[in-house]
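Below are the chains, spelled out letter by letter.
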Amino acid sequence: ATAQAAPRAASPSPALPGRLYGVAATSPANASAKDYWAVGSTDWARTLVLHWNGKAPEIGAARPAGSWGRAVEVPGLGALNTGGQAGVASVSCGSAGSCAAGGDYTDASARSSGFVASERHGRWGTAIEVPGLGALNTGGYAQVFSVSCGSAGSCAAGGYYTYGGGNEQGFVASERNGRWGTAIAVPGLAALNTGRQAEVSSVSCGSAGSCAAGGYYSHGDLGRRGFVAVERDGVWGAAIQLPGLAALNTDDYAEVTSVSCGSAGSCAAGGYYTYGGGNEQGFVAVERNGVWGAAIQLPGLAALNTGADAAVSSVSCAPAVSCTAVGGYTDRRSHSLGFVAVERDGRWGKAIEVPGLGVLSKGDAGPLSVSCGSAGNCAAGGDYRNHGLQGLVAVERHGRWGRAIAVPGLRALNTGKLAEVTSVSCAPAGSCAAGGFYFDRRRHAQWFVAVERNGRWGTAIQVPGLRALNKPADVEVFPNYFSVSCAPAGACAAGGYYTDRHGAMQGFVTRAR
């Protein structure tokens, strides 16, 4: 049984940079150990969506399976996916029962493209190729990496497409009033992207028609730089290199890995840069009133990062001008550990080790994902090593982070001793959801969900209905193919993949409950 990041859909381009703390990763021969295959399609993947009705479990009790609808394949995706490989990379909910999902699929000619699907009134509509993406994607490889909804029926999607013999460009597309507009190359990115390798890694919408996108572009043969672009009133502005990042990035290899907007014109970005002959450090930047401030080394991270290998993996902003960043760093013993840092009114506090992580873990550990439902109320999820790889969660309440804990009930599921929380999402109403993977006693990969209410996590359960779909279950797992999102009222959605009994993906149409 192995855990790895998802390989791309046979794309000829290099791997995306990123982190999978405590999880083995595969990478191409010319990639460094810091790289992993980020988001893509696989011969074993099959898409699903599920919907949680928002009813909380009794505190400390296992959530009954009926609280989550049974996993179903994204409607209509089978008609697109004639090549038999697809995956949901991202989900986002603007309101209860109104969500979007995005990912990729492969046609009979082994060409991949990106899709989006929208949920309305609790019912998923038919998946479609992102409008206009086929015309851009002359190279035959494209994917949606990230979706975000500012309100019901108003979302954005971002990713990449190929052209001209393996060149890559980042794109964005916007949904307005429930209708997806035409995908466009990120304005201004072509002028920056002299190395012809660019991608949108993350999008986030603070309100309808007001979003941000972040990612990287290539400079020359080897250089990589982080960019941001902003949408105002439904119109995307020109991409710019993130202010201040060039001064930090002396080894010329950096990326914006995550963006988050708490409201229109109020966002944060995080990622990594390199310096000093291959050392890696995490950075953050804040946008206020529509203007991006300079990227800075995350305060306090240098003191933790004595092994010179750190990155911000996820940022999340609440509406009340407050953001949180999580990620990993390496100590002088080459152990990977997790940090959290909080921003208030435009000023970042010092990064600290996630409380309780040192006691919980007997080796590498760290958070991969963070979500804030309101200022000072967040959750983070990730993994730690203790008799195998286990999933962890931590909760911040009223501005104070509690101790990281093992996900309740996950150890009982994780008889294969390989588990991880890959995604978390919190609603302003005060509840959160977490999801990820585990391996059962047959060394088959399965997916789980867990719900937090009033600061306490309920028991993790296998995604309902997945056991019947997931035949044969994978002996590998691709963590980036699982995502959860909770709407303001607390209703949540999740997306992932499964394998059918033929080992291939075929489309089925059902309904999330």
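You'll find the structure just up there.
Residues numbered from 1 in each chain as written. Predicted model: local features only at pLDDT ≥ 70, side-chain atom pairs only at ≥ 80, totals over all residues. Heavy atoms only, no water.

Draft legend 1. Structural view of the pairing of strand β39 (residues 483-486). A two-sided burial pattern is seen for β39, the buried positions comprising Ser483 and Ser485 on one face and Val484 and Cys486 on the other. Here 4 bridges tie β39 to strand β40 (residues 492-497), and the two strands are oriented antiparallel to one another. Among the inter-strand pairings, Cys486 is bridged to a residue of β40, identified as Cys492. Once β39 ends, the chain turns through 5 residues before running back antiparallel as β40, passing Gly490 with a positive phi of about 110°. (Buried < 20%, exposed > 50% of the residue type's maximum accessible area, 1.4 Å probe, protein only. Helix = DSSP H or I, 4+ residues; strand = E, 2+ residues; numbered from the N terminus. Pairing = 2+ DSSP bridges.)

Draft legend 2. Geometry of empty space enclosed by the protein. The full count for this structure, using the stated rule, is 1 cavity of 30 Å³ or more. Approximately 30 Å³ is the volume attributed to the largest cavity. Elements supplying a minimum of two residues to the lining of the largest cavity: β30 (389-397) and α7 (410-413). Its residues assigned to classes, the lining of the largest cavity comprises 4 nonpolar, 2 polar and 1 charged. (1 Å grid on protein atoms, 1.4 Å probe; cavity = no way out; pocket = protein on both sides within 12 Å on 5 of 7 lines; lining within 4 Å. Points joined across faces, edges and corners; volume = space filled by probe spheres on them. Nonpolar A, V, L, I, M, F, W, Y, C, P; charged D, E, K, R; others polar.)

Draft legend 3. Here's a closer look at the packing of aromatic side chains. Applying the stated criterion across every chain, the model contains 7 aromatic pairs. Here the aromatic rings of Phe145 and Tyr160 are separated by 5.6 Å at their centres, their planes lie at 40°, and the arrangement is tilted. Of this pair, Phe145 sits in strand β8 (residues 142-151) while Tyr160 sits in strand β9 (residues 154-163), placing them 15 residues apart in sequence. Both residues of the pair, Phe145 and Tyr160, belong to the buried class. A centroid spacing of 6.3 Å and a plane angle of 50° characterise the contact between Tyr161 and Tyr163, whose relative ring orientation is tilted. Residue classification places Tyr163 among the partly exposed positions, given a relative accessible area of 25%. Three or more aromatic residues joined by ring pairs make a cluster, and in this case those are Phe437, Phe439, Trp447, Phe482 and Tyr497. The lysine or arginine in question, Arg224, covers the ring of Tyr216, its NZ or CZ lying 3.7 Å from the ring centre. (Phe/Tyr/Trp six-rings, centres within 6.5 Å; stacked < 30°, edge-to-face > 60°. Lys NZ or Arg CZ within 6 Å of the ring centre and 35° of its normal.)

Draft legend 4. Region of interest: the state of the cysteines. Counted by the stated rule, this structure contains 8 disulfides. In this model Cys149 forms its disulfide with Cys155; the gap between the sulfur atoms is 2.1 Å. A torsion of 95° about the S-S bond marks the disulfide between Cys149 and Cys155 as right-handed. Of the two residues, Cys149 and Cys155, neither departs from the other in class, the shared state being buried. (Disulfide = S-S within 2.5 Å.)

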